[in-house]
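Architecture at a glance
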Amino acid sequence: MSGLSRRSLIGAALALGACESRAQAPAAPVEIAPLRAAAPFPLGVCAQVSHIEDPDWVRLAATHFSQLTPEWEMKMEYIVRPDGSFRFDRADRLAAFARAHRMRLYCTTLVWYAQRPEGFEKLDESRTSFGRAFDAYITAVVGRYRGQAVGWDVVNEAVAEDGEGWRESLWASRLGDFDHMRRAFDVARAADPEAVLFINDYNLETIPKKLDTFQRLIERLLAAGAPVGGIGCQSHIDASLPSGVYTRTLEALARFGLPIHVSELDVSLVRAGRRPGLEARQADLYAEAMGAFLALPARQRFAFTLWGLRDKDSWLKRENGRDAPLLFDDQGRAKPAAAGLADALGALKPVGSLYGNENRAL
Ligand code: G3I
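Just so it is clear, the model here is predicted, and its values are computed rather than measured. (Residues numbered from 1 in each chain as written. Predicted model: local features only at pLDDT ≥ 70, side-chain atom pairs only at ≥ 80, totals over all residues. Heavy atoms only, no water.)

This brings us to the packing of aromatic side chains. Centre distance and the angle of the planes are the two values used to describe a pair of aromatic rings. Tallying each qualifying case throughout the model produces 17 aromatic pairs. Aromatic pair F86 and Y137: ring centres 5.5 Å apart, planes at 80°, arrangement edge-to-face. Note that F86 is positioned in the loop between α5 (76–79) and α6 (89–100) and Y137 in helix α8 (residues 127–144), a separation of 51 residues in sequence. Y137 gets classed as buried once you look at its relative accessible area, which sits at 1%. With a centroid separation of 6.2 Å and an interplanar angle of 80°, the aromatic rings of F120 and Y137 are classed as edge-to-face. Of this pair, F120 sits in helix α7 (residues 118–121) while Y137 sits in helix α8, placing them 17 residues apart in sequence. Given the relative accessible area of 3%, F120 is considered buried. Lying over the aromatic face of Y202, K210 brings its terminal NZ or CZ to 3.6 Å of the ring centre. (Phe/Tyr/Trp six-rings, centres within 6.5 Å; stacked < 30°, edge-to-face > 60°. Helix = DSSP H or I, 4+ residues; strand = E, 2+ residues; numbered from the N terminus. Buried < 20%, exposed > 50% of the residue type's maximum accessible area, 1.4 Å probe, protein only. Lys NZ or Arg CZ within 6 Å of the ring centre and 35° of its normal.)

Shown next as structure tokens:
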């Protein structure tokens, strides 16, 4: 379906939605085919244990997605207990769910400035015991999912917010700014020789200096022989992003020739000022992101992951309850955003009627 007919379909859906009272406004009535069947690469979604316990979430996610990323229960904040011991109960449940639903398991994250578990900070000041604990953590976690995890975000958000250098972190201060990253990749590789090891970051679309510093860091890691096997572009964007910016960002990252993971895509309306007409712009950005990813060589299309299934599942709801950044509304109905992405995949179906459609896989 051409972009023009997509826009007319989306426009009609939005117009219909606009004419309803706010209380009963139906989800924009679009029908999409199962996205996972239409995508020639893994289509991912993040999940928490509370999601896989929700039959509606499971039905919708299993219809459209072929890869799963634990949203937080495979991170240090859940795994590392205050006494320094590890717990894997929830990560194991998410891994088992992925296996049972024929989804690849992608894991995040091993080393992140935002996580400084008490269990680590209790160690004595000597680098030896801290370094041993660092290695032991990565070895235990990566080793546990060896043979199932297709990849890991080994180093997450290492570049400073303004792009001026790298972030401070517990890991950098104890084990060295660059050395802790190099070490994390080496230890992860030893724990799982097959998993694709990624470096992952965000706001690469909107802060040119950050994109540049991220690219320089990748070059330095590769030059040092670190087994960086892929590049993650988180893609937390908003509906004010001008056309073409996302495409140029992905093209810049793809120049390394490595697999690219669109790892955490969502398109905030609130961060763009939540003004009328933004839903159509949001749909266009989902279409652009998918088009930019489809334009990559097949060997570089690692996976395309949405950071949430339904609007109510989004982390952005904590920032502003009115945000609606994802493909499906709170009731799991496909929105114009889903139509945009589906259209780019050739999975958009002309609706039978524009009213009262529940989203259902055809
Ligand atoms: O579910 C528990 C709840 O039972 C408990 O009462 C509450 C208070 O402790 O915590 C709840 O868990 C929270 C969880 O989100 C689910 O809401 C965790 O504390 C909270 O830390 C966790 O936040 C996650 C955050 O990363 C930190 O891990 C978000 O879900 C997740 O969306 C966010 O994802 C990050 C990526 O990893 C990196 N890129 C940015 C992205 C958004 O911040």
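On to helix α11 (residues 208–223), then. Helix length check: α11, at 16 residues, gives a terminal C-alpha distance of 22 Å against a target of 22 Å (1.5 Å per residue), a fit within 8%. What α11 keeps buried is the set K210, L211, T213, F214, Q215, L217, I218 and L221. Those residues of α11 that are buried lie in contact with α10 (179–191), β6 (196–201), β7 (230–233) and α12 (245–254). Backbone geometry just after α11 places G225 at a positive phi near 85°. (Expected span 1.5 Å × (residues − 1). Contact = heavy atoms within 4.5 Å.)

The element strand β4 (residues 104–112) is extensively covered by neighbouring structure, given that 8 of its 9 residues are classed as buried. Pairing analysis gives 2 bridges linking strand β3 (residues 67–70) to β4, with the strands arranged parallel. In the sheet register, Q67 faces β4, and the bridge partner there is R104. Sheet topology note: the β4/strand β5 (residues 149–156) ladder contains 6 bridges and is parallel. By the bridge assignment for β5, L105 is matched with A149. (Pairing = 2+ DSSP bridges.)

Our focus in this paragraph is the environment of F86. On the basis of relative accessible area, F86 is assigned to the partly exposed category, the value being 31%. Expressed as a C-alpha distance, the spacing of F86 and Y137, which sit 51 residues apart in the sequence, is 8.4 Å. Those residues in contact with F86 that sit more than four places away from it in its chain are I79, V80, R81, A136, Y137 and A140.

What follows concerns the pattern of salt bridges. Applying the stated criterion across every chain yields a total of 17 salt bridges. Measuring nitrogen to oxygen at the nearest pair gives 2.8 Å for the salt bridge that ties D135 to R183. Highlighted residues: D135 in helix α8 and R183 in helix α10, separated in sequence by 48 residues. A salt bridge links E161 to K210; the shortest N-O distance between them is 3.5 Å. On the criterion of sequence distance, the pair formed by E161 in the loop between β5 and α9 (170–175) and K210 in helix α11 is long-range, its members being 49 residues apart. Accessibility expressed as a relative area gives 0% for K210, which makes it buried. Taken together, the salt bridges that share partners define one network made up of E161, R167, D201 and K210. (Salt bridge = Lys/Arg side-chain N within 4 Å of Asp/Glu carboxyl O.)

This paragraph deals with the packing of α11 against α12. Viewed as axis vectors pointing N to C, α11 and α12 meet at an angle of 15°, and their least axial separation amounts to 11 Å. With respect to α12, the element α11 is oriented roughly parallel. By crossing handedness, the relation of α11 to α12 is classed as right-handed. Between α11 and α12, the contacting residues are L211, F214 and Q215 on the first element and T249, A252 and L253 on the second. Looking at the contact of α11 with α12 residue by residue, the class counts come to 4 nonpolar, 2 polar and no charged. (Axes fitted to C-alpha atoms, helices over the stretch in contact; angles between N-to-C directions. Parallel < 35°, antiparallel > 145°, perpendicular 65-115°, else oblique. Left-handed = near helix turned anticlockwise from the far one by under 90°. Nonpolar A, V, L, I, M, F, W, Y, C, P; charged D, E, K, R; others polar.)

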